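# Descriptive analysis of the structure
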Amino acid sequence: MPRLPRYTPSGRTTALFFVMAIVVAALAALVAWPYQRLVTWVPFIYINAVVYLVFAFVVAVCAMAAIKIGRNRNRMLGAIVGAVIGASAIGASHWFAYRHAIAEVTAELPAGAEDSPEVQAAMDEALTFGTYVRARVDTGWSLGRSGSSGKGDLTGLFVWLIWGIEALGVIGAAAYVGSQVEPFCEACGTWMKEREVWVRTDLDAASASALAHVVSADELLRPPVARDAPSRVKVAYTTYVCPTCASPGYVTLEKRWDEAMGDGRPSAAPIKYETKKETLLEVVELSRAQLAQLDAARGQAEAQPPPST
Ligand SMILES: [Zn+2]
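A few words on the overall build of the protein. When its secondary structure is counted, the protein shows nine helices and six strands. Scaling as 2.2 N^0.38, a compact globule of 309 residues should have a C-alpha radius of gyration of about 19 Å, whereas the protein reaches 27 Å, well beyond that. Referenced to the eigenvectors of the C-alpha coordinate spread, the extents of the protein come out at roughly 85 × 60 × 35 Å. When each of the 309 residues of the protein is scored for burial, the buried share is 22%. Put simply, 71% of the contacts in the protein that link residues at least 6 apart link residues at least 24 apart.

Below is the structure:
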């Protein structure tokens, strides 16, 4: 079955992207400092989980900034750079934890001793990063009150497991964000402008779903319209258009509908709805004339009186 042409990234990148990769990797490492301080300081695991999610999100935003500013259109390269940015953040987080452990040991020393170069040298030799990691794995974390031995409930393999999950989440999220490429105008060397131009409510569920299988721009632009009843589905059109030249643009179609939450059993409580979304078509190419037709169809639909209930 023939398919409508879709946006395919050129695979090109810029020298600026490599500069941005280094700058952003350093930035992500800095973000690891407040993250590490917070998870060490806060004793509640749920709050730590939220702090972790915020950290992963900020690192992913850093990766996205590198892609956008560096104008990278190479998915593979973007994923690798994203993973490096994530690894930089995770590595820095462990490094800050190590430096903090050294600072705590130093604080225990008699006054003035930490200024002595001999003491410094002895400490550096005794407390290497490797020693710190082994000690951390042995001590682990406590759930609730810790025992008199100072040893937690989660030690050894658990520590490696939690560190592994922590690392995979941050690196995976940054790599995923890095691999995302939105439409870019190769003629002008600029990102296309993304805009949700229309959320139409004049299609019934069947013709909305059928949009996922259209094979011509004509079918895409003129789906059969249901005029008699208000529809329960919406179809959102998001366009990508070059801000400076007249090269073809792209459109993404998303179906949205409300679904009742809960298990379906009758209940006295008011029914809650959640909005579901499904992408019907993704970055399908449309000429400027076809984009203008879409705009005209929107104008026409909005001029129609709303369907009566
Ligand atoms: Zn252009």
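Here we come to the nonpolar core. Val24, Val59, Ala63, Ala66, Ile85, Ala89 and Ala174 are the most contacted members of the largest nonpolar core, which totals 29 residues. When contributions to this core are tallied by element, the ones reaching two or more residues are helix H1 (15-41), helix H2 (45-69), helix H3 (75-108) and helix H6 (157-179). With nine residues, the single largest contributor to this core is H1. Each residue touching Ala89, except ones within four places of it in the same chain, is listed here: Ala28, Ala29, Val31, Ala32, Val59 and Val170.

This paragraph deals with unusual backbone geometry. One non-glycine residue, Arg71, adopts positive backbone phi at about 50°. On the secondary structure map, Arg71 appears in the loop between H2 and H3. Judged by C-beta crowding, with 16 C-beta atoms within 10 Å, Arg71 ranks as partly exposed. Phi at Val283 is positive, roughly 35°, even though this residue is not glycine.

Turning our attention to the domain arrangement of the protein. By the assigned domains, the protein splits into domain 1 (15-179) and domain 2 (185-303). Using only C-alpha atoms to locate each centre, domain 1 and domain 2 end up separated by 42 Å.

Taking strand neighbours across the sheet as the criterion, the four strands line up as S3-S4-S5-S6 in an open arrangement whose pairing is antiparallel. Two strands close off the open sheet at either side, each with one partner strand: strand S3 (193-200) and strand S6 (273-286). The average angle at which neighbouring strand axes cross in this sheet is 20°, direction not considered. For strand S4 (residues 233-241) and strand S5 (residues 249-260), the ladder comprises eight bridges, and the chain directions are antiparallel. Each bridged residue has a counterpart across the sheet, and for Ala236 the counterpart in S5 is Glu254.

With that out of the way, let us pick up the packing of H3 against H6. Packing of H3 against H6 leaves a shortest axis separation of 7 Å and a crossing angle of 150°. Relative to H6, the element H3 lies roughly antiparallel. H6 is crossed by H3, and the crossing has right-handed handedness. In contact with Arg75, Gly78, Ala79, Val81, Gly82, Ala83, Ile85, Gly86, Ala87, Ala89 and Ile90 of H3, H6 contributes Glu166, Ala167, Val170, Ile171, Ala173, Ala174, Ala175, Val177, Gly178 and Ser179. Among the residues making up the contact of H3 with H6, the classes are represented as 14 nonpolar, five polar and two charged.

Attention now moves to the packing of H1 against H2. For any two helices packed against each other, the geometry is given by the interaxial angle and the distance between the axes. Two elements in contact, H1 and H2, have axes whose closest approach is 9 Å; the angle formed by their N-to-C orientations is 170°. Relative to H2, the element H1 lies roughly antiparallel. Contacts between H1 and H2 involve Phe17, Met20, Ala21, Val24, Leu27, Ala28, Val31, Tyr35, Leu38 and Val39 from the former and Asn48, Val51, Tyr52, Phe55, Val58, Val59, Cys62, Ala63, Ala65, Ala66 and Ile69 from the latter. For the contact of H1 with H2, the class distribution of residues is 20 nonpolar, one polar and no charged.

Examined against the element boundaries, Ala65 turns out to sit in helix H2. As a C-alpha pair, Ala65 and Val197 span 132 residues in sequence and 25 Å in three-dimensional space.

With 34 residues, H3 extends 50 Å between its outermost C-alpha atoms, agreeing within 8% with the 50 Å of an ideal straight helix rising 1.5 Å per residue. What H3 keeps buried is the set Leu77, Gly78, Val81, Gly82, Val84, Ile85, Gly86, Ser88, Ala89, Ile90, Ala92 and Ser93. At its buried positions, H3 is contacted by H1, H2 and H6.

Rules used in this analysis
- Residues numbered from 1 in each chain as written.
- Predicted model: local features only at pLDDT ≥ 70, side-chain atom pairs only at ≥ 80, totals over all residues.
- Helix = DSSP H or I, 4+ residues; strand = E, 2+ residues; numbered from the N terminus.
- Rg over C-alpha atoms; globule rule 2.2 N^0.38 Å.
- Buried ≥ 20, exposed ≤ 12 C-beta atoms within 10 Å, placed from the backbone.
- Contact = placed C-beta atoms within 7 Å.
- Core = buried A, V, L, I, M, F, W, Y, C linked by C-beta atoms within 7 Å.
- Domains from an automatic or database assignment.
- Pairing = 2+ DSSP bridges.
- Axes fitted to C-alpha atoms, helices over the stretch in contact; angles between N-to-C directions.
- Parallel < 35°, antiparallel > 145°, perpendicular 65-115°, else oblique.
- Left-handed = near helix turned anticlockwise from the far one by under 90°.
- Nonpolar A, V, L, I, M, F, W, Y, C, P; charged D, E, K, R; others polar.
- Expected span 1.5 Å × (residues − 1).

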